[in-house]
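One-letter residues, chain by chain:
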Amino acid sequence: MRTTHLRLRDVQVDPYFQRYFDTRPLAPVRGELFSRPDTRQPTEQFFAELRPDEHLQVLTWLLDAAAQLFDDTGMRSSINVDAAIMSTQRGRNEFLRAAGMAASPVTFEFAEMPEEWGVDDINRLLLQIREREHETALDNFGRGVIDIEQLGDLRYDTVKIAGAVTMELERGPEYQERMERLHDAITGAGMQHVVQGVESQSTFQWLQEVGFTTFQGYWFSIPAPAEGVVARD
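Predicted model only: the values in this text are computed from it and were never measured. (Residues numbered from 1 in each chain as written. Predicted model: local features only at pLDDT ≥ 70, side-chain atom pairs only at ≥ 80, totals over all residues. Heavy atoms only, no water.)

Each helix and strand in the protein chain was counted, giving eight helices and eleven strands. For the protein chain, the C-alpha radius of gyration of 17 Å lies close to 17 Å, the compact-globule estimate for 233 residues. Principal axes of the C-alpha set define a box for the protein chain whose edges measure 50 × 40 × 35 Å. Considering the protein chain as a whole, with its 233 residues, one finds that 49% of them fall into the buried category. Taking the intrachain contacts of the protein chain between residues at least 6 apart in sequence as the baseline, contacts between residues at least 24 apart amount to 65%. Put simply, the protein chain shows about 11,900 Å² of open surface, and 46% of that area lies on carbon and sulfur atoms. (Helix = DSSP H or I, 4+ residues; strand = E, 2+ residues; numbered from the N terminus. Rg over C-alpha atoms; globule rule 2.2 N^0.38 Å. Buried < 20%, exposed > 50% of the residue type's maximum accessible area, 1.4 Å probe, protein only. Contact = heavy atoms within 4.5 Å. Areas by Shrake-Rupley, 256 points an atom, 1.4 Å probe, with all protein chains shown as cover.)

The grouping of Glu174, Glu177, Glu180 and Asp184 at the surface amounts to a negative patch. Tracing the chain through its elements places glutamate 177 in helix α7 (residues 173–188). The exposure class assigned to glutamate 177 is partly exposed, which follows from its relative accessible area of 43%. (Patch = residues over 30% accessible without salt bridge, like charges linked within 9 Å, V, L, I, M, F, W, Y side chains within 5 Å. Salt bridge = Lys/Arg side-chain N within 4 Å of Asp/Glu carboxyl O. Lys, Arg positive; Asp, Glu negative; His and termini not counted. Charge placed at Lys NZ, Arg CZ, Asp CG, Glu CD.)

Time to look at helix α3 (residues 89–101). Here α3 spans 18 Å end to end across 13 residues, near enough to the 18 Å set by a 1.5 Å rise per residue. Within the span of α3, buried status applies to Gly91, Arg92, Phe95, Leu96, Ala98 and Ala99. When α3 is viewed along its axis, its buried side chains cluster within an angular range of 160 degrees and face the same direction. With respect to the buried face of α3, the exposed residues turned more than 90 degrees away are Arg90 and Met101. Against α2 (52–73), β6 (107–110) and α4 (119–131) lie the buried residues of α3. (Expected span 1.5 Å × (residues − 1). Arc of directions from axis to C-beta.)

So, on to the pairing of strand β8 (residues 158–161). Judged by which residues are buried, β8 turns out to be covered on both faces: Thr158 and Lys160 on one side and Val159 and Ile161 on the other are all buried. Sheet topology places β8 next to strand β9 (residues 192–196); four bridges connect them, and they run parallel. Within β9, the position partnered with lysine 160 by the bridge is valine 194. (Pairing = 2+ DSSP bridges.)

Okay, the confidence of the model for the protein chain next. The predicted model of the protein chain has a mean per-residue pLDDT of 92, with 96% of residues at 70 or higher. For the protein chain, the element scoring lowest by mean pLDDT is helix α5 (residues 148–151), at 84; β6 scores highest, at 98. (pLDDT = per-residue confidence, 0-100.)

With that out of the way, let us pick up the nonpolar core. Residues Phe95, Phe108, Phe110, Leu125, Tyr156, Met179 and Leu207 are the most contacted members of the largest nonpolar core, which totals 61 residues. Ranked by residues supplied to this core, first place goes to α2 with nine residues. When neighbours within four sequence positions are excluded, leucine 207 is seen to be in contact with Thr166, Leu169, Met179, Val195, Val198, Phe212 and Phe215. (Core = buried A, V, L, I, M, F, W, Y, C linked by side-chain atoms within 4.5 Å.)

When the terminal C-alpha atoms of α2 are compared, their 31 Å separation across 22 residues agrees well with the 32 Å that a helix rising 1.5 Å per residue should span. Of the residues flanking the end of α2, it is glycine 74, one or two places downstream, whose phi is positive at about 80 degrees.

With phi around 65 degrees, leucine 26 is a residue other than glycine that occupies positive phi space. According to the relative accessible area criterion, leucine 26 is exposed, its value standing at 88%.

This is the structure:
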């Protein structure tokens, strides 16, 4: 992959990629594409201080990186959409314009939507994204504002279970039962899934027994510079 770095606020931002591990036969090779600033400032703080237009600049740059990765390896990327972009009508319009111009299909991940939005507002945006030949994912499920009861009313393609939820599994049956309920809710809604935060063989085996098939975590791979990503044999 030919890496193009982003310069933002005099800081170099680099693209990183973490593959998913999918146990399904012939499943497409996918992963999450995200950005890391080359600065001593904590990453979360750096991005928290950006303006909405700067978040959109990062997103547009990641879409270009995703297209390069797709062309070079055939792998499809998931990209997180910062909530600041969705906070204004102008931001949403600019986002949809960027999505419409993207050179490859991606999955847009949303951990948050504007507080005033209802289910119809969310589904309208998800449909607009799908009309532009992309998919969508609900990120941080189990730790965000969307609960199990609401899940069936939403039209996301994929649900990403929060790593914090996965890491609680070793605390006992109560947490395992909760994960089983999440699996039932996701499959009942007809959505795909990605279980984040998988960091041990025992957790991986237990999740497979429940019925989960797609995982993201350090047990399988660590985030790596996107320029070093190659197609899986």
